[in-house]
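Geometric and topological summary
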Amino acid sequence: MIRPMLTGLAAGLFFSSTFVLNRAMSLEGGHWYWTAALRYLYMVGLLGLGLLVFQGSGYLRRVISEMVRHWLFWMISGSIGFGCFYALICFAAGFAPGWVVATTWQLTIIATLIVLRCFGGRFAKRIWLYALVVFAGVSLVNLSNVAASDLRPLLLGALPVLLAAFCYPLGNQLVWEALNRRPGLPAIDAELLANSFTKVLLLSLGSLPFWGLLFFCTTAGVPSSGQLINAGLVALFSGVIATTLFLHARSHADNASKLAAVDATQASEVIFALMGEIVLLHAPLPSPIGFVGMLITVAGLIAFVRHEH
């Protein structure tokens, strides 16, 4: 069990790079649009190349054919699940430290419950209790980052992340519903979508029109060389390495308790994001309220995951 746990923690470390590098790009004056859009441009290239090398050109043609056949579905689900989600996350990085964004992002646990409930899901009452614990912890973290005279960190830092927490599970749930042949949704290729990287590539491709449209709605200008490099690192670290490590760790968990333990390691993103900002960006330590909120959030996440499995 030690090996899957360590692999899961390594995944959490690489996932946390998103929040630290996004904050770094914001502090350097990089526009949030390029921080967001460049990640998915890189992702399309990296995943496309990876599938070409490991699955072959015939497989990649199947992926492109699926994209063309159901372009409207992938554009909607990709724009919501990847486009809106990450644009809001990157926008928030300009108004809140990375560790605060990382902690607030854990509200996706609650958002996922609500999204699934809207699609007919049912949950034990205890699950909602754990969700409230997470919400309480996130609230303390954000309150620790707000001064009475300046509510911008709350309105422009926390609120966008809250909206992003709903966009991500909604986009992914649309794919799940289509795979399970929900009436009104297209019959997408279930065999193709068994490969998680294929799903990510299709959603990334589907988000490209969103990024093109958003460009004309902003004053993004031209990305800096530092932004080009850092966004590429986010795509590599979070989109490729972290995802690979996490899926590998899950594949070696042969029972529910081990699976829960691996999933719970992802709560480490909050701690790694804080450590990364302190070491790399020389960020100040959180206040005592911020520390307490962070610990409550992590505890609620671990309890939630263990109950689910």
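To be clear, the structure that these remarks concern was listed above.
Let me begin by describing the structure that accompanies this report.

The rules behind the values
- Within any chain, residue numbers begin from 1 and follow the written order of that chain's sequence.
- For a predicted model such as this one, the threshold for reporting local features is a pLDDT of at least 70, and the threshold for listing and counting side-chain atom pairs is 80 or more; totals across whole chains, interfaces and linings nevertheless cover every residue.
- Only heavy atoms go into the side-chain values, all of them from the structure, while hydrogens and water stay out.
- Helix and strand definitions here come from DSSP, where helices need a minimum of 4 consecutive H or I residues and strands a minimum of 2 consecutive E residues; each element is numbered from the N-terminal end.
- Throughout, radius of gyration means the C-alpha value; the globule benchmark is 2.2 Å times the number of residues raised to the power 0.38.
- For every residue, the accessible area obtained with a 1.4 Å probe (protein chains only) is divided by the maximum for its type, and the residue is called buried under 20%, exposed over 50%, and partly exposed between those limits.
- Contact definition: two residues touch when any of their heavy atoms are within 4.5 Å.
- Here the Shrake-Rupley method, with its probe set to 1.4 Å, supplies the accessible areas, and only the displayed protein chains count as covering residues.
- Just so you know, the count uses Lys and Arg for positive and Asp and Glu for negative, and it drops His and the chain ends.
- By convention, the charge on Lys lies at NZ, on Arg at CZ, on Asp at CG and on Glu at CD.
- When two cysteine sulfur atoms are found within 2.5 Å, that pair is recorded as a disulfide.

**Things to note about the overall build of the protein**
A tally of helices and strands in the protein yields 14 helices and zero strands. When the helices and strands of the protein are listed from N to C terminus, the series reads α-α-α-α-α-α-α-α-α-α-α-α-α-α. The C-alpha atoms of the protein give 19 Å as radius of gyration, which agrees with the globular expectation for 309 residues (19 Å, within 12%). When its C-alpha atoms are laid out on the principal axes, the protein stretches across 55 × 50 × 40 Å. Split into buried and exposed, the 309 residues of the protein put 49% on the buried side. Contacts in the protein between residues far apart in sequence, at least 24 positions, make up 86% of those at least 6 positions apart. Looking at the protein as shown, the accessible area adds up to about 14300 Å², and 71% of this sits on carbon and sulfur atoms. One finds the centroid of the 17 positive side-chain charges in the protein at a distance of 6 Å from the centroid of its 11 negative side-chain charges.

**Looking at the environment of Trp-176**
Tracing the backbone shows Trp-176 in helix α8 (residues 152-179). The sequence separation of Trp-176 and Leu-27 amounts to 149 residues, and the corresponding C-alpha distance is 37 Å.

**Details of the state of the cysteines**
Summed over all chains, the structure comprises zero disulfides. You can see Cys-84 has no disulfide; the closest cysteine sulfur is in Cys-167, sitting 4.9 Å from it. Accessibility expressed as a relative area gives 25% for Cys-84, which makes it partly exposed. Cys-167 gets classed as buried once you look at its relative accessible area, which sits at 15%.

These figures come from the coordinates and say nothing about function on their own.
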